[in-house]
Amino acid sequence: MDGFLGVRSGAHGPWARSWTYPATAASVPRCRRAVLKALRSHGVLGEAADSAALLVTELAGNAVEHAGGRPAGKFTVVLGRRDEWLRIEVRDGGRPLTLRQRSSAPEVTATAGRGLFLVQALSGSWGVRSTPGGKAVWCVLGVC
């Protein structure tokens, strides 16, 4: 893990938190509530908190879809802030994959593909990396 998430300090300085959940649909709203509580306790409110909640919901939902159904399937959410930047990372035990950033919105009739389009649209940057047990999808969001 890089230094961005390796620091814990006071409410207005750099900080990081993480949570691990079973890879079930019921975990997604629990994860969203935990992230919102952490953000509020560190002074991230309003549109920034709403955007972060949407981003973590999309990434956690993808983790459930791709890690769920495996024995002891789980996902981990890591949330960290430094200065005006919030970093959200969701790790799961699903197959590593390569993601392409989309240049256009999914078709109106598409039944999938909107989640990562939202991540791309709302975040300053995002990506995916392989981990020893699967993959991690991350995004960075500007907060004031």
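Refer to the structure printed above.
Residues numbered from 1 in each chain as written. Predicted model: local features only at pLDDT ≥ 70, side-chain atom pairs only at ≥ 80, totals over all residues. Heavy atoms only, no water.

**Topic: the pairing of strand S5 (residues 134–142)**
Here comes step 1: Along S5, 8 of the 9 residues are buried, which leaves the element largely enclosed by surrounding structure.
Here comes step 2: Judged from the 8 bridges that link them, strand S3 (residues 85–92) and S5 form a sheet pairing that is antiparallel. Paired with Glu89 across the strands is Trp138, a residue of S5.
Here comes step 3: Here strand S4 (residues 125–131) pairs with S5 via 7 bridges, running antiparallel. From the neighbouring strand, Ser130 faces S5, where its bridge partner is Lys135.
Here comes step 4: With antiparallel pairing between neighbouring strands as the criterion, S4 and S5 make up a hairpin whose turn holds 2 residues. (Buried < 20%, exposed > 50% of the residue type's maximum accessible area, 1.4 Å probe, protein only. Helix = DSSP H or I, 4+ residues; strand = E, 2+ residues; numbered from the N terminus. Pairing = 2+ DSSP bridges.)

**Re the sheet that holds S3**
Here comes step 1: Read from one edge of the open sheet, 5 strands run S1-S2-S3-S5-S4, paired in antiparallel fashion. Sheet topology places strand S1 (15–22) and S4 at the edges, where each strand pairs with a single neighbour. Neighbouring strand axes in the sheet, compared pairwise and without regard to direction, differ in orientation by 15 degrees on average.
Here comes step 2: Where helix H1 (residues 27–41) meets the sheet, it contacts S1, strand S2 (74–82) and S3, and its direction lies at approximately 165 degrees from that of S1. (Axes fitted to C-alpha atoms, helices over the stretch in contact; angles between N-to-C directions. Contact = heavy atoms within 4.5 Å.)

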